[in-house]
Amino acid sequence: NWHAAVHDISYEDAKKLKDMDEVDGTALTRSVGYSMLEESINEYKPYLYLVELSEEAFETWPIHLVEGRLPLNDNEVLISEHIISNGGVKLGLGGNLNLDLGNRVLDGEIVYGDSYFTMEDGTPEELDISISRDLTIVGVMNRLSYRLEGFSSPGYTIVTLKDFDEMDMAPKGGAKDLSVYFTATNSRKVYDTASKIQKDLAIGLEDIEYNSALLRTQGVSDIDGFNAVLYSLGAILILLIMLGSISLIYNSFSISVSERTKQFGLLSSVGATTKQVKHSIFFEAMFLAAIGIPLGLLAGIFGIGVTLYFVNDILAGLMSSLSVYVSITLSVSPVSVVIAAIIALITILISAHIPARRATKISAVEAIRQSTDIKLKSKQVKSSALARKLLGIEANLALKNMKRNKKRYRSTVISLFVSVVLFVSASGFSMYLTDSVMNVYEDVDYDLYYFSSSREQFSDSKMNKAYENILALDSVKQGSSVDSSYSGLYLQRGEINKSSLEYNSLGLEGEKGYHVGVDILAVDQDTFTEYINSLGLDESQFADNSPVSGIVIDRQHYYDYEQKRYLNTSIFKDKTRESLSLNRSNYSNGDEKIIQFDVKVAAFADTAPFGIGDYSENSGSILLIINEDSKYELISEDLDAWWGPNMFFKADDPYRAEEDIKEVLEGVEVPININNIAQSVQESRKVVTIISIFAYGFIVLISLIA
């Protein structure tokens, strides 16, 4: 529960920020330092990272207990269950931690932030110990959000309580080790508040972080595209409904006025003024509004209430990453109700205005005789023999009626026309909205994955054994093992799509041409065979490894930070190429050496094997899928060029499968780097489901209006 955070702030500035009128509430945290976690089996996460939190910070940060309680003082600590599941270190309630804490240092320089564990020329970073702390474990929490503990963070975050109010909020040797998480008095002005903080406290822009996920739910964003889409969607919805309502209500009034033209004429003949006739029609409109608007508002509130009731579990599931169940309840905004009522009233008054105006322009005699409504001669209602033959007697009667009273039937035809247009517009709008959401929330076909970037693990047969044992589990339905490497190729301008030259980050390197990255993915034999069969390719195409044959996926799906939107592009203009000339840099002997090799292109494909995305997330890269047995033929001079293997698994019950996989990994003594993404995948699918529900609901609403 925070709008923004200011990092690396001094004690004096933290006090000033806390007292600002624009700031509603603050929560303080302080990074104490890193301590070695003995016996951690994850070599890339060898530390404990201690953070002190104020009492408010325990309410502000997403901290959720698994067991135990929160710390009551700075001698007690709350640890992450990730230490046990990922690090393999058995810590429990009541245990003691004797920590020697300090900064991470590499080559005499402090390593700031939570960047990944660093090694340079084979020499790992070290700790510069400055203090010692003895802490008692009083609780275990879920792993913190990646916003607070990044995926590449080298330390498992543990937290303790600190009463910052008892501390002297004054500069201590110029130290800037605090972070202040704050809520703005007006969330819509949080960016202005941050600018004021920058100016008054001389804070760097890079030291301010925004809680964009929370702010977006309040309609606040610094992304122009987001604001444009949000308000454009609202405007389009209101415009569609108003256009439909105005035209259809107008037609209703028009037909009503046309039916009662004689009555208005009689009123005029006994002395009714133009103003009184017009007032009569508007009185009717207001009478209908007095009934229709309250009923409409109640129906809208009831309808959204029923919808929320049925989609509550889905909506709550979107917040399952909080590890708590958040029930979504109906909340009626008085301001929204008033605005809706005003818009509805304006719609009705506009709809009644034109018929009322027309009614007052007809003289009493013309109105009584209805000479303006029906002006026709026998020839005008005559229909052709061809029309009678083709359309039949029913259509012939309809045609004569339309000719007899064109105004009345023109209104009817326009009503039907507008109804069709509204239905098609609503359907098209909903379809594009759903497609846009699906474009952002790309689905994946696996539930769990194992990540390995250790060269030692790659050459160890333990990984192959682990993969085979995991596939044999009853709880695992499908799996794949993927090794990856990176290379590149050069293309000339004429070989590249125009859109890629415009959007992609293709670097021009002199006469060589534009550099395109190539992510080489070596897939296990069973998965590769299933993949090429799904593409309708013959296995014999991949039997000869001179040169190695592969499948190219030329699609880039990525977020463009300049345009602030997702883009879908492709690089190759010619999708019939038969070979690629690749190159990569080899530093195995200390000096850079460019290795060149050719790959035969068996096919260009739009889909990837199980476990691999159907696109590159890099704007200037393509994917090259090869058989696992071919990887040594392709790159044999430098085995460190292969990063992996990574393993992907699908399961009916991902959470049970996760526990089973952990047991297998423990049994073969490899790091338990298993990640369960079933939760985030379900969240993405739920977003699409919710959008679909509301999109089809809108279509039904428009259809009912029509």
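Refer to the structure above for everything that follows.
Quick look at the structure, then.

**A few points about the overall build of the chain**
In terms of helices and strands, the chain carries 19 helices and 25 strands. Burial analysis of the chain (706 residues in total) assigns 42% to the buried set. If you take every contact in the chain between residues at least 6 apart in sequence, the share linking residues at least 24 apart comes to 78%. Total accessible area on the chain is roughly 37800 Å²; 55% of this is exposed by carbon and sulfur atoms.

**Re the pairing of strand β1 (residues 4-9)**
In terms of burial, β1 is a largely internal element, five of the six residues being buried. Bridge count between β1 and strand β13 (residues 208-210): three bridges; the pairing is antiparallel. Note on β13: the bridge partner recorded for Val-6 is Ile-208. Judged from the four bridges that link them, β1 and strand β12 (residues 178-184) form a sheet pairing that is antiparallel. Counted as the bridge partner of Ala-5 is Tyr-181 from β12.

**Structural notes on helix α19 (residues 678-705)**
For α19, spanning 28 residues, the distance from its first C-alpha to its last is 40 Å, which sits close to the expected 40 Å at 1.5 Å a residue. Of the residues making up α19, those classed as buried are Ala-678, Val-681, Glu-683, Ser-684, Val-687, Val-688, Ile-690, Ser-692, Ala-695, Phe-698, Ile-699 and Ile-702.

**Things to note about the environment of Asn-75**
Locating Asn-75 in the fold gives a position in the loop between β4 (65-68) and β5 (76-80). By relative accessible area, Asn-75 is classed as partly exposed at 46%. For Asn-75 and Ile-137, which are 62 residues apart along the polypeptide, the C-alpha to C-alpha distance reads 9.1 Å. In contact with Asn-75, not counting residues within four places along its chain, are Asp-134, Leu-135, Thr-136 and Thr-160.

**Considering helix α14 (residues 461-471)**
For α14, the complete set of buried residues consists of Met-463, Ala-466, Tyr-467 and Ile-470. Each buried residue of α14 lies within a common arc of 100° when the element is viewed along its axis, so the set occupies one face. Along α14, the residues that are exposed and aim more than 90 degrees away from the buried face are Ser-461, Lys-465 and Glu-468.

**Notes on the pattern of salt bridges**
This structure, assessed with the given rule, holds 16 salt bridges. Among the salt bridges present, the one from Asp-19 reaches Lys-15, with a minimum N-O distance of 4.0 Å. Note on Lys-15: relative accessible area 42%, which makes it partly exposed. The network of salt bridges with common partners includes Arg-30, Glu-52 and Arg-133.

**As for the nonpolar core**
The biggest cluster of nonpolar side chains holds 26 residues, and the ones touching the most others in it are Leu-489, Ile-520, Leu-582 and Ile-622. When contributions to this core are tallied by element, the ones reaching two or more residues are β15 (478-491), β17 (514-523), β18 (548-553), β21 (579-586), β22 (593-604) and β23 (621-627). It is β17 that contributes the most residues to this core, five residues altogether. Those residues within four positions of Leu-582 in sequence are excluded, and the remaining contacts are Ser-487, Gly-488, Leu-489, Val-518, Ile-520, Ile-595, Gln-596, Phe-597, Val-599 and Leu-624. Grouped together as the second largest cluster of nonpolar side chains are 24 residues, Val-6, Met-20, Ala-184 and Leu-201 included.

**Considering the pairing of β18**
Taken across its six residues, β18 has six buried, putting it largely inside the fold. The alternating pattern of β18 places Val-548, Gly-550 and Val-552 on one face and Ser-549, Ile-551 and Ile-553 on the opposite face, and all of these are buried. Alignment of β18 against β22, held across five bridges, turns out to be parallel. By the bridge assignment for β22, Ile-551 is matched with Ala-603.

**Observations regarding the packing of aromatic side chains**
Under the criterion given, the structure shown has 14 aromatic pairs. An angle of 85° between the planes, with centres 5.3 Å apart, marks the rings of Tyr-309 and Phe-310 as edge-to-face. The exposure class assigned to Tyr-309 is exposed, which follows from its relative accessible area of 64%. Phe-310 gets classed as exposed once you look at its relative accessible area, which sits at 65%. Here the aromatic rings of Phe-572 and Phe-604 are separated by 5.6 Å at their centres, their planes lie at 70°, and the arrangement is edge-to-face. A residue pair is termed long-range when its members are at least 10 positions apart, and Phe-572 in the loop between β20 (565-569) and β21 and Phe-604 in strand β22 qualify at 32 residues. One cation-aromatic arrangement involves Lys-45 over Tyr-156; the distance from NZ or CZ to the ring centre is 5.2 Å. Lying over the aromatic face of Tyr-34, Arg-104 brings its terminal NZ or CZ to 5.5 Å of the ring centre.

How each quantity is defined
Residues numbered from 1 in each chain as written. Predicted model: local features only at pLDDT ≥ 70, side-chain atom pairs only at ≥ 80, totals over all residues. Heavy atoms only, no water. Helix = DSSP H or I, 4+ residues; strand = E, 2+ residues; numbered from the N terminus. Buried < 20%, exposed > 50% of the residue type's maximum accessible area, 1.4 Å probe, protein only. Contact = heavy atoms within 4.5 Å. Areas by Shrake-Rupley, 256 points an atom, 1.4 Å probe, with all protein chains shown as cover. Pairing = 2+ DSSP bridges. Expected span 1.5 Å × (residues − 1). Arc of directions from axis to C-beta. Salt bridge = Lys/Arg side-chain N within 4 Å of Asp/Glu carboxyl O. Core = buried A, V, L, I, M, F, W, Y, C linked by side-chain atoms within 4.5 Å. Phe/Tyr/Trp six-rings, centres within 6.5 Å; stacked < 30°, edge-to-face > 60°. Lys NZ or Arg CZ within 6 Å of the ring centre and 35° of its normal.

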